[in-house]
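# An overview of the molecular structure
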Amino acid sequence: MLAASSFTDVAEPLEVLLESELDVDIRFSFGSSASFLQQIDQGSPATAVITADTDTMRLIEAAALVEPSVPITKNDLIIVTSDTEKARSVRSLADLADDDVIVVVCTSTAPCGKATDDLLASASVTLSPASREPNVRATLTKVLLGEADAAIVYRTDALAHPELRTVDVGADNVGVIGRVAVVIEATDGAGGNDLGQAILDVLTGDQAAELLAEAGFSQP
């Protein structure tokens, strides 16, 4: 199944849950949600898809590639920084505008990037990022490798890497709503698939909700 890269750190427990409940081999393929429409349209064997945001899922639904989606998570934005002197000077969203601070964010076509753009606009903060990465994992990696002082990522990413310093973005936090949908089978061009529906049922159940909450997601 296709899943937004922001779900990488919770994939293993979700995989264990799905395989235990459904007695099938589950394999996640992670990437930017923005790429999923093309992948499914070109015949990806995905049974279900999880996007990081609603807008991306709506595009996939409009293309008649999936059944109606269901919201399963909310993920807030947060600032993560390295342990450099410049990074420790970041105490608010506005501090990222300092030319001496190397900042990276997601590309505008990715859900994390669109949410970041909306956040910055709401807070009236203008950034000149050193780079705009294809997805949230690539953005986070820049800070982990010491190639950037700070980045705007999801709260779940910060929770998975407690070695990074975090700074809340304030009241303008927009966050994203993650959604899951069953991919329509390509064999007949209509209707859903039984395994996909079973996966959706598990991912919208109480056990999955507990695993997602432990990973830092909140209820949509």
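Quick summary incoming for the structure in this document. (Residues numbered from 1 in each chain as written. Predicted model: local features only at pLDDT ≥ 70, side-chain atom pairs only at ≥ 80, totals over all residues. Heavy atoms only, no water.)

## Some thoughts on the sheet that holds strand β4 (residues 70–75)
Taken in spatial order, the five strands line up as β2-β1-β3-β10-β4 in an open sheet, and their pairing is mixed. The open sheet is flanked by β2 (29–31) and β4, the only strands paired with a single partner. Across the sheet, the mean angle from the axis of one strand to that of its neighbour is 20 degrees, orientation sign disregarded. Where strand β1 (residues 2–4) meets β2, three bridges bridge the pair, whose relative direction is parallel. Counted as the bridge partner of Leu2 is Ser29 from β2. (Pairing = 2+ DSSP bridges. Helix = DSSP H or I, 4+ residues; strand = E, 2+ residues; numbered from the N terminus. Axes fitted to C-alpha atoms, helices over the stretch in contact; angles between N-to-C directions.)

## Structural notes on the pattern of salt bridges
Considering all chains together, one arrives at twelve salt bridges under this definition. Of the charged contacts in the structure, one is a salt bridge between Arg58 and Glu61, with a shortest N-O distance of 2.7 Å. Here Arg58 and its partner Glu61 are both found in helix α3 (residues 54–62), three residues apart, which amounts to about one turn of the helix. On the accessibility criterion, Arg58 (39% relative accessible area) is partly exposed. With a closest N to O distance of 3.2 Å, Asp83 and Arg88 form a salt bridge. For Arg88, a relative accessible area of 39% gives the class partly exposed. (Salt bridge = Lys/Arg side-chain N within 4 Å of Asp/Glu carboxyl O. Buried < 20%, exposed > 50% of the residue type's maximum accessible area, 1.4 Å probe, protein only.)

## Some points on the environment of Asp172
Turning to its location among the elements, Asp172 is positioned in the loop between β9 (165–167) and β10 (176–182). For the pair Asp172 and Ala123, spaced 49 residues apart in sequence, the C-alpha separation works out to 6.2 Å. If we ignore the near neighbours within four places in the chain, the residues touching Asp172 are Leu119, Ser122 and Ala123. (Contact = heavy atoms within 4.5 Å.)

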